[in-house]
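Structural features, examined
These are the residues of each chain, in order.
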Amino acid sequence: MMSKLFYRGPSLATLHTDYAARHRIDTEAPVTSESSVVVDATPAQVWEVMADLRDWPAWAPGYEVLELDEMAPGAEFRWRLGGVRITSKFAVVAPGRELTWSGVVFGYKAVDQQVLEALPGGRTRVTMRESLAGPLVSLFFGVDKLRAGHDRYLAALTTELTRRSAAHR
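Structurally, Leu-132 can be placed in strand E7 (residues 123-133). As a C-alpha pair, Leu-132 and Val-105 span 27 residues in sequence and 9.3 Å in three-dimensional space. Excluding residues within four positions of it along the chain, Leu-132 makes contact with Ala-29, Pro-30, Val-31, Val-105, Tyr-108, Lys-109, Ala-110, Val-137 and Phe-141.

This is the structure in structure tokens:
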């Protein structure tokens, strides 16, 4: 357990190319989380909401994009989550399937992954996975806090999808 406390993980470049771009998080990182929700929307409908990063503040409290030129693998963007500034780089941008990026916050290295899985009846399973690595990170930002943030995001996404569905009826 002590080794996890001081785990630095791979370099950010390796984390981006060998983890994020290959559809995985750093499972050795001291802080990892996975949360899922099933929504009454198709993967295309879910993608339309979650991939419009500039619209995040309208439905995901605390999320704000500060700089975004393009959504493409290798493109950087800067955003804020609850007042904390984060610099990230897209690794996977697969419409209707996956949105993954690597990033740095307070010197800690992260991989964020959102995967969409089509289910029968026009439903979609949305799964968020994240790893956070760096010395002592678990003392400042633990698994429970990370999972709670994912659960809030997924609840907000579900609410927005429900709102949009009702507006189209």
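Picking up where we left off.
A separate point is the packing of aromatic side chains. Evaluated as defined, the whole model comprises 11 aromatic pairs. Considering the side-chain rings of Phe-77 and Trp-101, the 5.3 Å spacing of their centres and the 85 degrees angle between planes classify their relative orientation as edge-to-face. Of this pair, Phe-77 sits in strand E3 (residues 76-81) while Trp-101 sits in strand E5 (residues 98-105), placing them 24 residues apart in sequence. Judged by relative accessible area, Phe-77 falls into the buried class, the value being 0%. Centroid distance Trp-79 to Trp-101: 5.8 Å. Interplanar angle 75 degrees. Geometry classified as edge-to-face. One end of the pair, Trp-79, is in strand E3; the other, Trp-101, is in strand E5, with 22 residues separating them in the sequence. Here Trp-79 and Trp-101 have matching classes, each one buried. Taken together, the ring pairs connect Trp-56, Trp-59, Tyr-63, Phe-77, Trp-79, Phe-90, Trp-101 and Tyr-153 into an aromatic cluster. Here Arg-24 stacks its cationic end above the ring of Tyr-19, 4.1 Å away from the centre of that ring.

Within the span of helix H3 (residues 43-50), buried status applies to Pro-43, Val-46, Trp-47, Val-49 and Met-50. End-on, the buried residues of H3 take up no more than an arc of 165 degrees, which puts them together on one face. Residues Ala-44 and Glu-48 are exposed on H3 and point more than 90 degrees away from its buried face.

Time to look at the side chain of Ser-33. Among the structural elements, Ser-33 can be located in strand E1 (residues 31-39). In this structure Ser-33 comes out as buried when scored by relative accessible area, which is 4%.

Looking now at the packing of H3 against helix H6 (residues 143-167). For the pair H3 and H6, interaxial distance at closest approach is 10 Å and the crossing angle is 115 degrees. Put simply, H3 runs roughly perpendicular to H6. Seen from above, H3 lies across H6 with right-handed handedness. Here H3 contributes Gln-45, Val-46, Glu-48, Val-49 and Met-50 to the contact with H6, which in turn contributes Tyr-153, Leu-157, Glu-160, Leu-161 and Arg-164. When grouped by side-chain class, the residues that make up the contact of H3 with H6 number six nonpolar, one polar and three charged.

Thresholds applied
- Residues numbered from 1 in each chain as written.
- Predicted model: local features only at pLDDT ≥ 70, side-chain atom pairs only at ≥ 80, totals over all residues.
- Heavy atoms only, no water.
- Helix = DSSP H or I, 4+ residues; strand = E, 2+ residues; numbered from the N terminus.
- Contact = heavy atoms within 4.5 Å.
- Phe/Tyr/Trp six-rings, centres within 6.5 Å; stacked < 30°, edge-to-face > 60°.
- Buried < 20%, exposed > 50% of the residue type's maximum accessible area, 1.4 Å probe, protein only.
- Lys NZ or Arg CZ within 6 Å of the ring centre and 35° of its normal.
- Arc of directions from axis to C-beta.
- Axes fitted to C-alpha atoms, helices over the stretch in contact; angles between N-to-C directions.
- Parallel < 35°, antiparallel > 145°, perpendicular 65-115°, else oblique.
- Left-handed = near helix turned anticlockwise from the far one by under 90°.
- Nonpolar A, V, L, I, M, F, W, Y, C, P; charged D, E, K, R; others polar.

These values are about where atoms sit, not about what they do.
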